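Overview (structure and organization)
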Amino acid sequence: MKEREKRVLVGMSGGIDSSAACIMLQEQGYEVVGVTMRTWDVASHFTPGNDQPNEVIEAQQLAARLGIEHHVADVRTEFRQVIVQYFIDEYMRGRTPNPCVMCNPLFKERILCEWADRCNCAWIATGHYCQLKDINGYRYILTGDDPLKDQSYFLWKLPQEILKRMMFPLGGMTKASVRNYLASKGFEAKARGGESMEICFIEKDYREFLKEHCPDIDERIGPGWFVDSKGLKLGQHKGFAYYTIGQRKGLEIALGKPAYVLKINPAKNTVMLGDADQLKTQYMLVEDYNVASLDELLSCKDLAVRIRYRSRSIPCQVILLENGQLLVRFQQEASAITPGQSAVFYEGNRVLGGGFIAFQQAIKKIGAENEAKFPK
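What you see is a predicted model; the values in this text were computed from it and never measured.

**Quick word on the sheet that holds strand 11 (residues 270–274)**
The 4 strands are arranged 9-8-11-10 in an open sheet whose pairing can be described as mixed. Strands at the two margins of the open sheet, each flanked by one partner only, are strand 9 (233–237) and strand 10 (260–265). Direction aside, the axes of adjacent strands within the sheet are offset by 30° on average.

Shown next as C-alpha cells:
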C-alpha cells in the first residue's frame, strides 16, 4: 500500500469504542492517527487542576501508550454556532431536534475529512456500531451486529463521498465483546468504563438548557393554551418549545385521565392534548431526505422505517409527492410522529436513506388523496 493508503484517521473520544477501534486498526497494519474534538465543555468532565476535559486527556494518554500521532481539534465555537444553534432553533420552530444526526455529516465527519487530508490519511474510522457494503456503485450503511448498540439510525445523512472513506471496525462486534477485547489487550480499566451521554452537550433537562442558552425564550414565546382536538382551551402551558409530541409527564395539567401531546402549533402557541389512540396514524410526511437511490427506495418491496432511535422498524411503502416530500404509508399504525426527528428507511439490515419528519398538518386528507398511488 502507498503511504496514504496505510494511514487512517480515527475520531478518538477517549471512550471504550474509539479506543478499541484504534487498537484493532493498528493490529490490521494501519498507521493510526488520532484526533479528538473538543466540542462542548461540560463541568462534570473536568478533573480539578486540568484545563482540558477528561476525554481529551484520556485520548492523549491512550495515543501515547499506543505510540500513535494525536491531535486535538478545538471546535467549540463552530459547534456552538452550528449544532447547538440548530438544536435551539428547532425547538423554537415547534420541532424536536435530533442533534446527533446533524452532527455527523455537518460537523464531526466533515472535520475528520479535513484532518484526514491534513494528515495524509486515505481513511477515516470511528467507533460506531454499524457496517458498510458496496452495491451497484453505492456504499450503504448496514446495521451493527449488536442490536442494542446499532447506530445506523444516526448516520443516514452521510453523503457518499464521506462514506467511501469510512471504516467502522466495531460493526461486527457486540459491546460485551469490545469490552473483553480491550481487557485482553491490557486496558482493563478502560474496558470497565461507562457509556457516554446521549446528547453530549445536555447534562440534565433540555428545557433548562434552552433557558440558559436562549435567555429571552419566555419573552419570545410566553405562555400559551393547551387545547383539545376540537380547539377548546383546556388550560395554560409554559410555551410550546417546552413540549414534544407524545409527551405525557410534566404537563402540569389535571384532566382526570392521562393526556398526551398530539400536536404543537408554534404560530398560535398552542399544544393539543388527547389520548394515546389519537397519536396513532397510518401516514407520515418526510422532507429533506438523503437516499443513495430514490428509485430503489420507491420500488422496494421489503421496506421498513424507524421513526426514533430505539424503536422497531415498521413495514411501509413510500411515494414521492409533487411538492418534493415523501409520503409514507405504514403497514401497521405508528404512534407519536414527531416533526424534526429522523425517519430512516431499511431493507433488512441495509439503510436505503432517511429524512426529517415534517409537520403533519392535514395528514389524513393527504393520505386519502394519494392512497391509490401506492403500489398494490
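**A word on the nonpolar core**
Counting residues in each nonpolar core, the largest one holds 69 residues, and the members touching the most others are Leu9, Phe79, Phe87, Phe201, Ile217, Tyr243 and Val261. Sort the elements by how many residues they give to this core and helix 5 (residues 99–118) lands first, with 9 residues. Once residues within four sequence positions are removed from consideration, Leu9 is found in contact with Val33, Gly34, Val35, Leu112, Trp115, Ala116, Cys121, Trp123, Ile124 and Ala125. With 26 residues, the next largest nonpolar core counts Val10, Tyr129, Val178 and Ala191 among its residues.

**Observations regarding the UniProt feature "active site" (unreviewed entry) in the protein**
Using the residue numbers shown here, the UniProt feature "active site" (unreviewed entry) corresponds to Cys103 and Cys200. Annotated residues spanning 98 residues; largest pairwise C-alpha distance 10.7 Å, indicating a single compact cluster. Here Cys103 is to be found in helix 5. Take Cys103: its relative accessible area is 7%, and that puts it in the buried class. Excluding residues within four positions of it along the chain, Cys103 makes contact with Phe79, Ile83, Lys108 and Glu109. Within the secondary structure, Cys200 is located in the loop between helix 8 (188–191) and helix 9 (206–213). A residue is classified by how much of its surface remains accessible, and Cys200, at 30% relative accessible area, is partly exposed. Not counting residues within four places of it along the chain, the set of residues in contact with Cys200 comprises Thr39, Val42 and Phe79.

**A short note on the sheet that holds strand 4 (residues 123–125)**
On the basis of which strands lie adjacent, the open sheet formed by 5 strands has the order 3-2-1-4-7 and parallel pairing. What marks the edges here is a single partner per strand, and that holds for strand 3 (69–74) and strand 7 (166–167). Strand direction decides the pairing type here: strand 4 and strand 7, joined by 2 bridges, are parallel. Its bridge partner being in strand 7, Ile124 is matched across the sheet by Met166. With respect to the sheet, helix 2 (residues 16–27) is in contact with strand 1 (7–11), strand 2 (31–38), strand 4 and strand 7, its orientation differing from that of strand 1 by roughly 170°. Across the face of the sheet, helix 5 comes into contact with strand 1, strand 2, strand 3, strand 4 and strand 7 while running at roughly 135° to strand 2.

**Quick word on the pattern of salt bridges**
Under the defined criterion, the tally for this structure stands at 28 salt bridges. As a salt-bridge pair, Glu287 and Arg95 come within 3.2 Å of each other at their nearest N and O atoms. On the criterion of sequence distance, the pair formed by Glu287 in strand 12 (residues 280–291) and Arg95 in the loop between helix 4 (76–92) and helix 5 is long-range, its members being 192 residues apart. You'll find Glu287 and Arg95 in the same group, each marked buried. For Glu371, the salt bridge goes to Arg329, with nearest N and O atoms at 2.2 Å. Taken together, the positions of Glu371 in the segment after helix 12 (363–370) and Arg329 in strand 15 (residues 326–335) put the pair 42 residues apart, joining distant regions of the chain.

Parameters and conventions
- Each chain has its residues counted from 1, following the order in which its sequence is written.
- At least 70 in pLDDT is required for a residue's local features to be given in this predicted model, at least 80 for side-chain atom pairs to be given and counted, and no such filter applies to totals for whole chains, interfaces and linings, which use all residues.
- With hydrogens and water excluded, all non-hydrogen atoms of the structure serve as input to the side-chain values.
- By the convention used here, strands pair only if DSSP detects at least 2 bridges between them.
- Numbering of helices and strands runs from the N terminus; a helix is a DSSP stretch of H or I covering at least four residues, while a strand is a stretch of E covering at least two.
- Inter-axis angles, ranging from 0 to 180 degrees, are taken between N-to-C directions of lines fitted to C-alpha atoms, where helices are fitted over the stretch in contact.
- Put simply, buried Ala, Val, Leu, Ile, Met, Phe, Trp, Tyr and Cys residues joined by side-chain atoms within 4.5 Å make one nonpolar core.
- Burial status follows relative accessibility: with a 1.4 Å probe on protein chains alone, a residue under 20% of its type maximum counts as buried, one over 50% as exposed, and anything between as partly exposed.
- Here, two residues are considered to be in contact whenever any of their heavy atoms come within 4.5 Å of each other.
- UniProt positions are given in the numbering used here, feature names are shortened, and annotations may be inferred rather than shown by experiment.
- Put simply, a salt bridge is a Lys or Arg side-chain nitrogen that is within 4 Å of an Asp or Glu carboxyl oxygen.

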